[in-house]
Amino acid sequence: MSNLDEVNGIIAATERLLNDASEQALENPIHTRNQIKAAIEQLHSVRGFLL
């Protein structure tokens, strides 16, 4: 797997987390918070990889 594929996979997973969080926001705010935190951690890993 190339670096670009790895970054693309992480970004896609982050997008899925955020989409799930937005769908669950009103029904389950704790789940939403956890999904957003996980998405932020994934974005940090991409930033660290790119820097």
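What counts, and where the lines are drawn
- Residues numbered from 1 in each chain as written.
- Predicted model: local features only at pLDDT ≥ 70, side-chain atom pairs only at ≥ 80, totals over all residues.
- Heavy atoms only, no water.
- Helix = DSSP H or I, 4+ residues; strand = E, 2+ residues; numbered from the N terminus.
- Buried < 20%, exposed > 50% of the residue type's maximum accessible area, 1.4 Å probe, protein only.
- Areas by Shrake-Rupley, 256 points an atom, 1.4 Å probe, with all protein chains shown as cover.
- Polar contact = N/O pair within 3.5 Å; in protein donor to acceptor, adjacent residues only side chain to side chain.
- Contact = heavy atoms within 4.5 Å.

Student: Would you mind going over the overall build of the protein in detail, with residue names and values included?
Tutor: When you go through the protein residue by residue, the secondary structure sums to two helices and zero strands. Across the 51 residues that make up the protein, the buried fraction comes to 18%. When the accessible surface of the protein is summed, it comes to about 4,000 Å², and 57% of that surface belongs to carbon and sulfur atoms.

Student: Pulling in residues and values, what's your account of the side chain of Thr-32?
Tutor: Within the secondary structure, Thr-32 sits in helix α2 (residues 29-50). The class for Thr-32 is buried, based on a relative accessible area of 10%. There is a polar contact of 3.4 Å between the side chain of Thr-32 and the backbone oxygen of Gln-24. Setting aside chain neighbours within four positions, we find Thr-32 in contact with Ala-21, Gln-24 and Ala-25.

This is a description of form; function is not addressed.
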